[in-house]
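Chain by chain, the residues:
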Amino acid sequence: MAGIRFALNHMAAPRMRLDEFFALAQKLGITEVEIRNDLTGNAILDGTPPASVKAAAESAGINIISINALQRFNEWTPAREAEAIQLADYARDCGARALVLVPKNDGTGRANGERQGNLRVALKALAPLLQSRGLIGLVEPLGFEICSLRLKSEAAEAIKAIGGQGVFRLVHDTFHHHLAGEADIFPDMTGLIHISGVSDRSVSVPDMRDSHRVLVDAADRLDNIGQIRAMMAAGYTGPLSFEPFSAEVHALASAEPALRASIDFIRSGVAKTAA
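Here's a quick rundown of the structure. From a predicted model like this one, the values you see are computed outputs, not experimental measurements.

Tracing the chain through its elements places D106 in the loop between β4 (98-101) and α4 (114-131). Sequence separation between D106 and Y90 is 16 residues; the distance between their C-alpha atoms is 27 Å. Apart from residues no more than four positions distant in its own chain, D106 is found in contact with R72 and I146. A polar contact is formed between the side chain of D106 and the side chain of T108, at a distance of 2.6 Å.

Right, let's talk about unusual backbone geometry for a bit. Comment: phi is negative for the bulk of residues other than glycine, and the bulk of peptide bonds are trans. Of the consecutive residues A43 and I44, the connecting peptide bond is found in the cis state with omega at 25°. Residues N68 and A69 are joined by a peptide bond in cis, for which omega reads 20°. In this model, F186 sits at a positive phi of 50°, which is unusual for a non-glycine residue. Take F186: it is sitting in the loop between α6 (174-180) and β7 (190-195). Located in the positive-phi region is D223, a residue other than glycine, with phi close to 55°. Tracing the backbone shows D223 in the loop between β7 and α7 (224-233). For D223, a relative accessible area of 46% corresponds to the partly exposed category.

For the rest of this paragraph, the subject is the packing of aromatic side chains. Enumeration over the complete set of coordinates arrives at 3 aromatic pairs. Summarising the aromatic geometry, the rings of F21 and F22 are spaced 6.1 Å apart at their centres and angled 40° between planes, so their arrangement reads as tilted. With respect to class, F21 is no different from F22; both count as buried. Look at F144 and F175: their rings are 5.9 Å apart centre to centre, the planes differ by 65°, and that puts the pair in the edge-to-face class. Residue F144 is located in the loop between β5 (136-139) and α5 (152-161), and its partner F175 is located in helix α6; the two are separated by 31 residues in the primary sequence.

Here we take up α5. Every buried residue of α5 is listed here: K152, E154, A155, A156, A158 and I159. Taken together, the buried residues of α5 touch α4, β5, β6 (168-173) and α6. Of the residues flanking the end of α5, it is G163, one or two places downstream, whose phi is positive at about 70°.

Topologically, H250 is positioned in helix α8 (residues 247-250). A distance of 2.8 Å separates a polar atom in the side chain of H250 from the backbone oxygen of M11. Leaving out residues up to four positions away in the same chain, H250 has contacts with M11, P14, R15, P244 and F245.

Glancing now at the nonpolar core. Counting 71 residues, the largest nonpolar core has L8, I67, F73, V139, F168 and I266 as its most contacted members. Broken down by element, the residue count for this core peaks at 7 residues, all from α4. Not counting chain neighbours up to four residues away, the residues in contact with I266 comprise I4, F6, I195, V216, I225, I228 and F242. With 18 residues, the next largest nonpolar core counts A7, A69, L192 and L222 among its residues.

Attention shifts here to the sheet that holds strand β3 (residues 63-70). Sheet architecture is closed into a barrel: 8 strands sit in the order β1-β2-β3-β4-β5-β6-β7-β8, paired in parallel fashion. For this sheet, the mean angle separating the axes of adjacent strands, direction not counted, is 30°. In this sheet, β7 lies alongside β6 in parallel orientation, the contact comprising 4 bridges. By the bridge assignment, H172 is partnered in β7 with I193. Contacts from α5 reach β5 and β6 within the one sheet, and its direction differs from that of β6 by about 175°.

Our next topic: the packing of α4 against α5. Two numbers describe how α4 lies on α5: the axes approach to 10 Å, and their chain directions differ by 50°. It follows from the interaxial angle that α4 and α5 lie oblique. For the element pair α4 and α5, the recorded crossing hand is right-handed. Every residue of α5 that contacts α4 at R115, Q116, L119, R120 and L123 is listed here: E154, A155, E157, A158, I159 and A161.

Looking at where A60 falls in the secondary structure, it is placed in helix α2 (residues 50-60). Along the sequence, A60 and T31 sit 29 residues apart, while their C-alpha atoms lie 8.7 Å from each other. Among all residues touching A60, those that are not within four sequence positions of it are F22 and Q26.

Cut-off values and rules
Per-chain numbering applies: the sequence of each chain, read as written, is numbered from 1 onward. For this predicted model, a pLDDT threshold of at least 70 governs which residues receive local features, and a threshold of 80 or more governs which side-chain atom pairs are given and counted, while totals over whole chains, interfaces and linings are taken from all residues. Side-chain measures were taken over the full set of non-hydrogen atoms in the model, leaving aside hydrogen atoms and water. The helix count covers DSSP runs of H or I at least four residues long, the strand count covers runs of E at least two residues long, and both are numbered beginning at the N terminus. Note on contacts: a residue pair qualifies if any of its non-hydrogen atoms lie within 4.5 Å across the two residues. Distance and chemistry together define a polar contact, namely a pair of N or O atoms within 3.5 Å, with one atom able to donate a hydrogen and the other to accept it when in protein, and with adjacent residues in sequence counting only for side-chain atoms on both sides. Residue exposure (1.4 Å probe, protein chains only): buried if accessible area is under 20% of the type maximum, exposed if over 50%, otherwise partly exposed. Aromatic pairing here means that ring centres of Phe, Tyr or Trp (its six-membered ring) are within 6.5 Å. Orientation follows from the plane angle: under 30 degrees is stacked, over 60 is edge-to-face, and everything else is tilted. In this text, buried Ala, Val, Leu, Ile, Met, Phe, Trp, Tyr and Cys residues form a nonpolar core when linked through side-chain atoms within 4.5 Å. The rule for pairing is simple: two strands pair if DSSP sees at least two bridges between them. Fitted lines through C-alpha atoms serve as axes, helices being fitted only where they are in contact, and the angles separating the N-to-C directions of these axes extend from 0 to 180 degrees. Here roughly perpendicular refers to angles of 65 to 115 degrees, roughly parallel to angles under 35, roughly antiparallel to angles over 145, and oblique to all remaining angles. Handedness of a crossing is defined here by the sense of rotation of the near helix relative to the far one, left-handed for an anticlockwise turn of less than a right angle and right-handed for a clockwise turn.

Below, the structure written as structure tokens:
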């Protein structure tokens, strides 16, 4: 089994400026990061030119995996297309390799037939847009019951149906995979794994939300170790990107010790399982 490639999503330390975030990755021995377009006062929302982001990343020896994310991508409208073009241009110009694609998560577009049709329309439209800019589209199903795309199986089926295997990959999010209750893991179609844990014993699985997502430790209820082990045993060699949303994590005076502890826990846990 190959070694673990850890990555860092800016949501792991959202109060940090981009240069500080890159420096944090450096300290942790991480060379791959995801930047976001939903952090107030930070790139991309603060208007930082993509060339400046690219220069800062190159100076720090950092590779930008993705911009996270084009929201409601499976609701394809002229406004969504314009947003996709703007984000894809930014991704290309800042040196990012991919754009994360997040589906509608408001209870609409869930009907059988409707959701599959909407997904195919969006993927067909996005394919040439991404391909012409040298980008991969990372499709991220969300496990929430109200989501219009919960299952990786439906995403994989749609990607194959439009002949999009060369431009689209799946995101395996350990939190959303647990919530969706899906057995299949699709390692050969996966381009990125998002990792976070839930340690709160009082919340039921259907009631788990982003606010419960902490760093993975011994109290984890999502079986991150088992999920990671299964993916790696099946041949996945891509990055595992920390994506905790909990205010508890975001309030840490220093994210470095907590992230380092989680890295050590995951490495140890996967190694023990493999032994």
